[in-house]
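Residues per chain are reported as follows:
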Amino acid sequence: MTDTLDRPAPSESQDLASPGLVDTERVADLVGQLLAAIGEDPGREGLSDTPARVAAWWRSFFSPEPSTTPTCFTERHLSGQLVVIGGMSVWSLCEHHLLPMNLDVAVGYVPDGEVMGLSKFGRIAQQYAGRLQVQERFTRQVADEIAVVIGSNDVAVAVRGTHLCMSARGVRMEAARTTTVQSGGRFENDPVLSQQFLTLATDRWRAA
Ligand SMILES: Nc1nc2c(ncn2[C@@H]2O[C@H](COP(=O)(O)OP(=O)(O)OP(=O)(O)O)[C@@H](O)[C@H]2O)c(=O)[nH]1
Ligand SMILES: [Zn+2]
């Protein structure tokens, strides 16, 4: 977007819980200790490489591809067109239980003079998924980041989450899904636009 646009400031909490450096050796050591603590023999054949595998996974989880500057293209005369990108499924980790959550993300925005490269919405979602999260914070962080990049608050983000901590343990409700919606600018003030976004964003969730 052009530099003349007033970009919203990144929210204070944007960096909250951002990933730190993973000490792979220490993680592997701790996983070995964990195996021993649950009564396993970390040296037995099937488990001997497990600490290193788990440590490698933690490292890759916290080190998504470095974020690049999202590509934007000049595209005039779109006159209030609504753009919705849906079906962006990412995996994150619940910060309360360290169990996976699947987050199905849909983004809506109204381009003003420029459009953003479609894949960049997915990259932003991946960037904020690659850390310990709660769904509500993830939803807001993705919306805030897109608003900064496009230089406008006319952004809405809807997320449908499947939390293993709720389906595979605890209350064990396999069908439970959590939907969060963050709306800014015109999506907050224009009920028709908001409804159009929600209809398109939740289409595939109703079909599922
Ligand atoms: N709001 C919110 N809650 C979450 C999210 N992920 C997990 N939780 C909840 O975090 C809560 C943690 O509650 P605790 O009572 O401390 O933990 P717990 O004893 O393991 O709770 P149960 O899951 O009910 O067994 C649980 O209710 C989870 O469902 C999230 O993304 N958003
Ligand atoms: Zn959890």
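Here, residues in each chain are numbered from 1, in the same order as that chain's written sequence. The lettering of chains begins at A and the numbering of ligands begins at 1, in the order of writing. Under the rules for a predicted model, residues below a pLDDT of 70 receive no local features and side-chain atom pairs below 80 are neither given nor counted, while totals for whole chains, interfaces and linings still include all residues.

Note the threshold: UniProt positions are given in the numbering used here, feature names are shortened, and annotations may be inferred rather than shown by experiment.
An unreviewed UniProt entry lists the protein chain under the name GTP cyclohydrolase 1, with Lentzea pudingi given as the organism. What UniProt states about the protein chain under its Pathway (unreviewed entry) heading is, verbatim, "Cofactor biosynthesis; 7,8-dihydroneopterin triphosphate biosynthesis; 7,8-dihydroneopterin triphosphate from GTP: step 1/1." What UniProt records for the protein chain under Catalytic activity (unreviewed entry) is the sentence "GTP + H2O = 7,8-dihydroneopterin 3'-triphosphate + formate + H(+)".

**Some points on the packing of helix 1 (residues 24-37) against helix 2 (residues 50-62)**
To keep things clear, this is the line we draw: Here the axes come from fitting lines to C-alpha atoms, over the contacting stretch only for helices, and the angles between their N-to-C directions go from 0 to 180 degrees. Segments assigned H or I by DSSP are reported as helices when at least four residues long, segments assigned E as strands when at least two residues long, and all are numbered from the N terminus. For classification, angles of less than 35 degrees are called roughly parallel, those exceeding 145 degrees roughly antiparallel, those between 65 and 115 degrees roughly perpendicular, and all remaining angles oblique. With the far helix as reference, a near helix turned anticlockwise by less than a right angle produces a left-handed crossing, and one turned clockwise produces a right-handed crossing. Once C-beta atoms are placed from the backbone, any two residues with those atoms within 7 Å are in contact. Polar here means any residue outside two lists: the nonpolar Ala, Val, Leu, Ile, Met, Phe, Trp, Tyr, Cys and Pro, and the charged Asp, Glu, Lys and Arg; Gly therefore counts as polar.
Packing of helix 1 against helix 2 leaves a shortest axis separation of 8 Å and a crossing angle of 130°. Taken together, the axes of helix 1 and helix 2 are oblique relative to one another. In terms of crossing hand, the pair formed by helix 1 and helix 2 is right-handed. Contacts from Thr-24, Val-27, Ala-28, Val-31, Gly-32 and Leu-35 of helix 1 reach helix 2 at Thr-50, Pro-51, Ala-52, Val-54, Ala-55, Ala-56, Trp-58 and Arg-59. Residue composition of the contact of helix 1 with helix 2, grouped by class: 10 nonpolar, three polar and one charged.

**With respect to the domain arrangement of the protein chain**
Quick note on the threshold: The split into domains, and so the bounds of each, comes from an automatic or database assignment of domains.
Its domain assignment divides the protein chain into domain 1 (12-17 + 72-207) and domain 2 (24-62). Taking only C-alpha atoms into account, the centre of domain 1 sits 33 Å from that of domain 2.

**Quick word on the site of ligand 1**
The condition is simple: By definition, a residue lies near a molecule or strand provided its backbone-derived C-beta atom is within 6 Å of it.
For ligand 1, the full set of nearby residues is Cys-94, His-96, Val-134, Gln-135, Glu-136, His-163, Cys-165, Met-166, Gly-170 and Val-171. Of all the elements in the fold, those that place two or more residues in the shell around ligand 1 are helix 4 (135-150) and helix 5 (164-167). Classifying every residue of the shell around ligand 1 gives five nonpolar, four polar and one charged.

**What to know about the sheet that holds strand 2 (residues 83-94)**
For clarity, the threshold we go by: Following DSSP output, two strands are said to pair if at least two bridges run between them.
Within the open sheet, the five strands sit side by side as 5-2-3-6-7. Their pairing is mixed. The two strands at the open ends of the sheet, each matched to only one other strand, are strand 5 (132-133) and strand 7 (178-183). Pairing between strand 2 and strand 5: two bridges, direction parallel. What sits directly across from Leu-93, in strand 5, is Leu-132. Packing of helix 4 onto the sheet brings it into contact with strand 2, strand 3 (100-109), strand 5, strand 6 (155-163) and strand 7, and relative to strand 6 it is tilted by some 150°. Across the face of the sheet, helix 7 (residues 191-207) comes into contact with strand 2, strand 3, strand 6 and strand 7 while running at roughly 60° to strand 2.

**Topic: the confidence of the model for the protein chain**
The test is simple: pLDDT runs from 0 to 100 and stands for how confident the predictor is about each residue.
This prediction gives the protein chain a mean pLDDT of 90; 89% of its residues lie at or above 70. The model gives residues 1-14 a pLDDT under 50, and that stretch makes 15 contacts with residues more than four places away or in other chains. Confidence estimates for the predicted assembly give a pTM of 0.90 and an ipTM of 0.95.

**Some thoughts on the UniProt feature "binding site: Zn(2+)" (unreviewed entry) in the protein chain**
Spelled out, the test is: Counting other C-beta atoms within 10 Å of its own, a residue is labelled buried from 20 upward, exposed at 12 or fewer, and partly exposed in the gap between, with every C-beta atom placed from the backbone.
In this numbering, the UniProt entry assigns the feature "binding site: Zn(2+)" (unreviewed entry) to Cys-94, His-97 and Cys-165. With the annotated positions falling across 72 residues, the maximum pairwise C-alpha distance of 7.7 Å places them together in a single cluster. Structurally, the position occupied by Cys-94 is in strand 2. Judged by the 18 C-beta atoms lying within 10 Å of it, Cys-94 falls in the partly exposed class. Contact partners of Cys-94, with chain neighbours within four places excluded, come to Leu-99, Met-101, His-163 and Cys-165. Mapped onto the secondary structure, His-97 falls in the loop between strand 2 and strand 3. Assessed through the 15 C-beta atoms surrounding it within 10 Å, His-97 is described here as partly exposed.

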